[in-house]
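# Observations on chain architecture
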Amino acid sequence: MKYRNFKNELQISQLGLGCMRFPVLNDDNAKIDEEQAERMILHCYENGVNYYDTAYPYHVGTSEKFVGKVIQKNRLRDKIHLATKNPVWQITEHQGFYNVFEEQLQNLQTDYIDFYLMHSLNAGSWHMAKKHDIYRFMDTIKQDGRARQIGFSFHDNLNIFKEIVDAYDWDFCQIQLNYMDENYQAGIEGLQYASRKGLPVVIMEPLKGGRLAPVLTSSMQALFDKNNVTLTPVELALKYLFNMPEVSCVLSGASSYEQIVENVRTASTYGVGDLTQNEKNLIADMVEFYTSRTKVPCTGCLYCVDDCPQRIPINIIFSLYNGRYIYENDKLARIQYDAHVPAKRRPDHCIECGQCESICPQHIKIIDELKVAHEDLLSIKL
Ligand SMILES: NC(=O)c1ccc[n+]([C@@H]2O[C@H](COP(=O)([O-])OP(=O)(O)OC[C@H]3O[C@@H](n4cnc5c(N)ncnc54)[C@H](OP(=O)(O)O)[C@@H]3O)[C@@H](O)[C@H]2O)c1
């Protein structure tokens, strides 16, 4: 494993384990496949990964409890850095910050958090958080030692990012970045802005939630061949991030043991300055390829699905809609729509309550886009 200097001489592995996409049982996001997920955590630990990122809502509230259990069982608490996040959008009064925080300490079976983030900040949630005096909360838990480093994760535009960076004496921050998102949300400019201010930056969604991990079609393979690149798509996307000196840690989400094994291996192999010119050229080609074919920038984070009263599998619908164009296989998209999205869970059952749109980190106009996706997939003749 390769390590990077964080703040205060902390050495953090350049790969951190994201605890939001563990394998699950029966397609139920609340039922983590604990046996496989524990093997994944232990593989990471045994191969030098020392940063583990969970959050209050992940896996419908079960991620923190599971991670806490594994850490306790394997006596890992003082050997790793634990990151979790306060769901600031749910907080309606100052005391609410502490109530959640104390519940999180219990969930994680610990009396301190190494890296504590204000979760998924955007203009609206930041405004409300300040109204509830989030500064006093952050100062208090840092001073009493229950949170060692305070940061925030972010999903909004660059100007808001800079405003938040400048608003508090943060220890670190977390942004979405991958080779498709250089100019999206905080993007590369945000990364450099934070880094110039001495703020370590942790990266989430390095594969755009898995969208940059396709099985190569012949069109994609032709681009790899043209540029003489033999890396897998996942190696390419991770190597792109490890190449950047401003990146402090790349969080990897994985839904199987095999995936995390590959990603740990990649993190042990490539570092700053290793990306070749051919690989840079291939990335430019892949950006063009995806840009021309992606209909909806959904990353499948499931924040919307967990809250949908109609239980519409929004992530699956957008994935099939995009997939139709990326994989150039119309019939397969329609067959999978029929197989995986039952009639009563389709967009025509959406009650337009808007809960999904209020929580979507990508700010997708989900209600309208769902209708378009539904029509598009149904228009495919079998
Ligand atoms: N703070 C926030 O607002 C926020 C938001 C998002 C994420 N995060 C954190 O950041 C972490 C990383 O983000 P992410 O989970 O979106 O990461 P990601 O790396 O962009 O996406 C993870 C997905 O990529 C696919 N994948 C990963 N490794 C693969 C491999 N070797 N081969 C093939 N496919 C592979 C899997 O998709 P399939 O499951 O489809 O196979 C996996 O579920 C999260 O786990 C979470 O801890 C935070």
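The rules behind these values
- Residues numbered from 1 in each chain as written.
- Predicted model: local features only at pLDDT ≥ 70, side-chain atom pairs only at ≥ 80, totals over all residues.
- Helix = DSSP H or I, 4+ residues; strand = E, 2+ residues; numbered from the N terminus.
- Rg over C-alpha atoms; globule rule 2.2 N^0.38 Å.
- Buried ≥ 20, exposed ≤ 12 C-beta atoms within 10 Å, placed from the backbone.
- Contact = placed C-beta atoms within 7 Å.
- Near = placed C-beta within 6 Å.
- Nonpolar A, V, L, I, M, F, W, Y, C, P; charged D, E, K, R; others polar.
- Domains from an automatic or database assignment.
- Axes fitted to C-alpha atoms, helices over the stretch in contact; angles between N-to-C directions.
- Parallel < 35°, antiparallel > 145°, perpendicular 65-115°, else oblique.
- Left-handed = near helix turned anticlockwise from the far one by under 90°.

## Section: the overall build of the protein chain
On a plain count of helices and strands, the protein chain comes out with 17 helices and 10 strands. For 382 residues, the compact-globule estimate of 2.2 N^0.38 gives 21 Å, and the C-alpha radius of gyration of the protein chain, at 20 Å, lies within 12% of that figure. Projected onto its principal axes, the C-alpha coordinates of the protein chain cover approximately 65 × 50 × 45 Å. Taking all 382 residues of the protein chain together, 42% fall into the buried category. The long-range share in the protein chain, meaning contacts at least 24 apart out of those at least 6 apart in sequence, stands at 77%.

## Focus: the site of the ligand
Around the ligand, the surrounding shell holds 31 residues, and the nearest of these are G18, S153, M204, G210 and G253. Of all the secondary-structure elements, those providing two or more residues to the shell around the ligand are β6 (113-121), β10 (247-252) and α11 (257-269). Per element, the largest residue contribution to the shell around the ligand is three residues, and it comes from α11. Counted by class, the shell around the ligand contains 11 nonpolar, 14 polar and six charged residues.

## Quick look at the domain arrangement of the protein chain
Domains assigned within the protein chain are domain 1 (3-292) and domain 2 (303-378). If you look at the interface, domain 1 gives eight residues, while domain 2 gives five residues.

## Observations concerning the packing of helix α10 (residues 233-242) against α11
It is the contact of α10 with α11, at a shortest axis distance of 10 Å, that shows an interaxial angle of 40 degrees. In terms of axis orientation, α10 runs oblique to α11. The two elements α10 and α11 cross, and the hand of that crossing is right-handed. Residues V234, E235, L238, K239 and F242 of α10 pack against E262, N263, T266 and A267 of α11. The residue makeup of the contact of α10 with α11, split by class, is four nonpolar, two polar and three charged.

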